[in-house]
Every structure is written in C-alpha cells, then in structure tokens.
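Summary of structural features
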Amino acid sequence: MLSFSNIKKDYRLGSQTVQALGGVNGEIHPGEMVALCGPSGSGKSTLLNILGMLDMNYQGSAFIDGTPFPRKVKEATALRRSSLGFVFQRFNLIPVMTAIENVAYPLTLNKISTKVKKEKAEQMLAKVGLEDFLQYRPERLSGGQQQRVAIARALVHQPRLVIADEPTASLDSHSANTIIQIMKTLGHEMGTTFVIATHDPRMASQCDRHINLVDGLISSEEIQWNA
Ligand code: ADP
Ligand code: ADP
C-alpha cells in the first residue's frame, strides 16, 4: 500500500546542514499497523511529515497504492484530504467546534449533504464510545475523550492511511490503553493502514511491526520493549 525508497532529507541551519534522513526504504502492507520507533532526533517526525504528504521537499521516491507521491502542494493537499487521516499527540481539535462538528470537518470538503455528514460523524463517534458527547466542546472532554474524537475525525472519510504522531504520549495509562484498543479494532474493521510514531511500549507492542530509526537510518535491531 505504501512503499518508499532511498528517502533523504537535510535541514539547513544557517551555514550548516543537518541530515535528518540518510536514505530509508520501507514497505507497508494494507491494513498493517506499523510502529515507527527510535530516540528523539532519529528522524521520526521528518519521515512522518513526508509519508503524510506534508513535506514534499526530500530526495527519494514514495508510492501509495502504486501512485507516486505528489510533489506539488495542490496535488498533495487533494490526495491528503481524500486518502489520509492524522492523529496528533496534543489532539489538535478545533476548540470552538463541538465533538460532532470536529468529526464532520474532514467531510465538509466532500460533496455530500449536511444530513449525511452528520450521520457519518455520529456513527464514528459511536464507534469510539462517545455517542453521549456529540455536542460537547473539547474543553469539556478529558484527554482520552479528546483523543477518541480525534481518532473519529481521522477515520470519518475512510482514509487509506492514518499517520499518528505519539498518540498516547499525553494520556494516562488507562486512557492510553483505550486509545490503543480503539485504533486496533477500528483499523481491522475498516481495513485502515496505520503508521504510528511512538515511544510508548504498550503502543509499540500492540503493533504488527516496528520500523526502528537510529540517526536517520533504519536499524535492523529489534528494540527490547519491557511493556
Ligand atoms: P524525531 O521526530 O525522531 O525526534 P526529527 O525528525 O524531529 O526526529 O529530527 C531529525 C533531525 O533533524 C534532528 O537532528 C533534528 O534536530 C533535525 N531537525 C528536525 N527538524 C528540523 C528543522 N526544522 N530545522 C533544522 N533541523 C531540524
Ligand atoms: P508535536 O510534535 O509538537 O507534538 P504534532 O504532533 O501536533 O506536534 O504535529 C506533528 C507535525 O504535524 C508537525 O510537523 C506539524 O507541523 C504538523 N501538524 C500539526 N497539526 C497539524 C494539522 N492540524 N494539520 C496538518 N499538519 C499538522
């Protein structure tokens, strides 16, 4: 579903060049839940931004279902909206919108009726166990509940790929476990592929596979998770 080869990325810092990715290859299969692991500074965010089509300024090639990743902002934006979902560490919900409005938001760009958008958003919120919180704004929800809204928002348009950046890092362990189970269950049910950057051993141990980055390169050594 996703393949990338010889991905390289440098950042310029004044007169210096920092190599964030030194040539990484990988293949991610449909429906797989892959953990992207590695110490701080190893290149996880850089790779996520590239796989999430947020950064088009890199060397190497990447394909989604055989289609080359767009290199132009406009094309990337269109493909991102139709095919990708995002989950962030700090939830990133829109504060002035209710839970159902947040979840319906990715559908506002589609040509479907308001009624159908509302139904789809409601169904997704029910799937994450928040059917009683449709009209709540984020400030009235716990961190775990906000992250559940964010997952519903990431999945509502049935994206092929969901990119998650440390989705459990801001949560207590009970909420984190709930989030992990919801991602696994919905991923299987909807056939969604997940790439998840994580430091969380509970999250990593629930993934089908790990990609380990060290200094901008993929390491073949398995990390020992003491979860
Ligand atoms: P991780 O997500 O694993 O912490 P990053 O992808 O954020 O790693 O960073 C990889 C390397 O690139 C690090 O050395 C980091 O300092 C550097 N880097 C990341 N973003 C920038 C930037 N905007 N400008 C300069 N250097 C950066
Ligand atoms: P942090 O690493 O500070 O926890 P996030 O996990 O929220 O940040 O974001 C990870 C990356 O995704 C960043 O490079 C950021 O620019 C980008 N990003 C954050 N929020 C959004 C958004 N709502 N839409 C698109 N890109 C985003």
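Refer to the structure above for everything that follows.
All figures in this text were calculated on a predicted structure; none of them were measured in a lab.

With that settled, consider the site of ligand 2. Contacts to ligand 2 come from Asn 49, Leu 54, Phe 88, Gln 89, Asn 92 and Asp 165. Asn 92 places a polar side-chain atom, nitrogen or oxygen, 3.0 Å from a nitrogen atom of ligand 2. For ligand 2, an oxygen atom lies 3.1 Å from a polar atom in the side chain of Asp 165. The protein chains hide 47% of the 550 Å² of surface that ligand 2 would expose on its own. Of the residues assigned to the shell around ligand 2, the class counts are 2 nonpolar, 3 polar and 1 charged.

Before going further, it helps to examine unusual backbone geometry. With phi around 55°, Asn 92 is a residue other than glycine that occupies positive phi space. Along the chain, the position of Asn 92 falls in the loop between strand S6 (84-87) and helix H3 (99-104). Here Asn 92 falls in the partly exposed class, since its relative accessible area comes to 40%. Residues other than glycine seldom take positive phi values, yet Glu 166 does so here, at roughly 50°. Structurally, Glu 166 can be placed in the loop between strand S7 (161-165) and helix H6 (173-190).

Turning next to the site of ligand 1. Ligand 1 sits among Tyr 11, Leu 13, Val 18, Ala 20, Pro 39, Ser 40, Gly 41, Ser 42, Gly 43, Lys 44, Ser 45 and Thr 46. Within the contact set of ligand 1, an oxygen atom lies 3.2 Å away from a backbone nitrogen or oxygen of Ser 42. Within the contact set of ligand 1, an oxygen atom lies 2.9 Å away from a side-chain nitrogen or oxygen of Lys 44. Contact with the protein chains removes 64% of the 560 Å² of surface that ligand 1 exposes when unbound. Secondary structure elements with two or more residues in the shell around ligand 1: strand S1 (2-13), strand S2 (16-28) and helix H1 (44-51). Ranked by residue count, the leading element in the shell around ligand 1 is H1, at 3 residues.

What counts, and where the lines are drawn
Residues numbered from 1 in each chain as written. Chains lettered and ligands numbered in written order. Predicted model: local features only at pLDDT ≥ 70, side-chain atom pairs only at ≥ 80, totals over all residues. Heavy atoms only, no water. Near = heavy atom within 4 Å. Polar contact = N/O pair within 3.5 Å; in protein donor to acceptor, adjacent residues only side chain to side chain. Areas by Shrake-Rupley, 256 points an atom, 1.4 Å probe, with all protein chains shown as cover. Nonpolar A, V, L, I, M, F, W, Y, C, P; charged D, E, K, R; others polar. Helix = DSSP H or I, 4+ residues; strand = E, 2+ residues; numbered from the N terminus. Buried < 20%, exposed > 50% of the residue type's maximum accessible area, 1.4 Å probe, protein only.

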